[in-house]
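Breakdown of the fold
Given next are the chains, with one letter for each unit.
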Amino acid sequence: MKSRLFKRFLLWALVIAGTTGLVFGMVKLGGSKPDQSAVLINAVSPTDRTKGNKEAKVVVVEYSDFQCPACAYYYPLLKKLSLDFGAQISFTYRHFPLRQHQNAKNAAYAAEAAGKQNKFWEMHDLIFENQTSWENRGDAKNIFNDYAQKLGLNMEQFKNDFDSKEIKDKVENDFQSGVQSNINATPTVFLNGKKINLPPNYDELADIINEAVKNNP
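Residues numbered from 1 in each chain as written. Predicted model: local features only at pLDDT ≥ 70, side-chain atom pairs only at ≥ 80, totals over all residues. Heavy atoms only, no water.

As for the packing of helix α4 (residues 104-115) against helix α8 (residues 155-162)
At a closest axis distance of 9 Å, the pairing of α4 and α8 adopts a crossing angle of 130°. By the angle class used here, α4 and α8 are oblique. Considering the relative orientation of α4 and α8, their crossing is right-handed. Residues Asn106, Tyr109, Ala110, Ala113 and Ala114 of α4 pack against Phe158, Asp161 and Phe162 of α8. Here the residues of the contact of α4 with α8 sort into six nonpolar, one polar and one charged. (Axes fitted to C-alpha atoms, helices over the stretch in contact; angles between N-to-C directions. Helix = DSSP H or I, 4+ residues; strand = E, 2+ residues; numbered from the N terminus. Parallel < 35°, antiparallel > 145°, perpendicular 65-115°, else oblique. Left-handed = near helix turned anticlockwise from the far one by under 90°. Contact = heavy atoms within 4.5 Å. Nonpolar A, V, L, I, M, F, W, Y, C, P; charged D, E, K, R; others polar.)

Structure (structure tokens):
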């Protein structure tokens, strides 16, 4: 699966590179000062989807789109990062569904609805691992319902939460925080408030985090 995702990632990147300089889904964004962005990025709130140690001095924040091929490529790398570093870091996932991805918002709503039943990360993983099964489907919402059933969720609650204003506002608030932080691509990852250039493999990514951990004892 990893090989297939990498091939999709490379093919898609090459196409985009011809017109946008290898940017994963540009959108028109507003500006903000770098210092303001750093404060906003590190201001992890109770409504954020965070794992690891919320008190850690190394804070990793990802802005992501469930339908983005590059996000699917980096998903297992970032998941392994969280597992390997555990309590040494805080990892937060924020939604940045791009307009050109027809099912990205519904995927975000599904993850947040599952989160209301303490299954955000389980739904997050299912959605990314099966991206090619739902990304271009007109019935993606039904597929997400199937995932909810697989996770043993209360389906009536899941469907109500999926359509709720609270969930939609949560996803929109994540998106707007990204806009204010000058995000123009997915995935975008910040390390202690500073955007990092994602390397193509796990070892290089782990080296970046290791250095941050050493410098923030």
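From this point on, the discussion continues.
Side note on the nonpolar core
Core analysis: the largest hydrophobic core is formed by 53 residues, its most contacted members being Phe66, Met123, Ile127, Trp134 and Phe158. At 10 residues, the largest contribution of residues to this core is made by helix α3 (residues 69-85). Not counting chain neighbours up to four residues away, the residues in contact with phenylalanine 158 comprise Ala110, Ala113, Ala114, Gln117, Met123, Phe144, Asn145, Ala148 and Leu153. Membership of the second largest hydrophobic core comes to nine residues, among which are Val59, Phe96, Phe175 and Val179. (Core = buried A, V, L, I, M, F, W, Y, C linked by side-chain atoms within 4.5 Å. Buried < 20%, exposed > 50% of the residue type's maximum accessible area, 1.4 Å probe, protein only.)

A closer look at empty space enclosed by the protein
If you roll a probe as big as a water molecule over the atoms, it shows you where there is empty space left. For the structure on display, the rule yields one cavity of 30 Å³ or more. Counted as a void, the largest cavity has a volume near 60 Å³. Elements supplying a minimum of two residues to the lining of the largest cavity: α3 and α5 (120-129). When the residues that make up the lining of the largest cavity are grouped by side-chain class, the tally is four nonpolar, two polar and four charged. (1 Å grid on protein atoms, 1.4 Å probe; cavity = no way out; pocket = protein on both sides within 12 Å on 5 of 7 lines; lining within 4 Å. Points joined across faces, edges and corners; volume = space filled by probe spheres on them.)

Shape is all these values report; function is a separate question.
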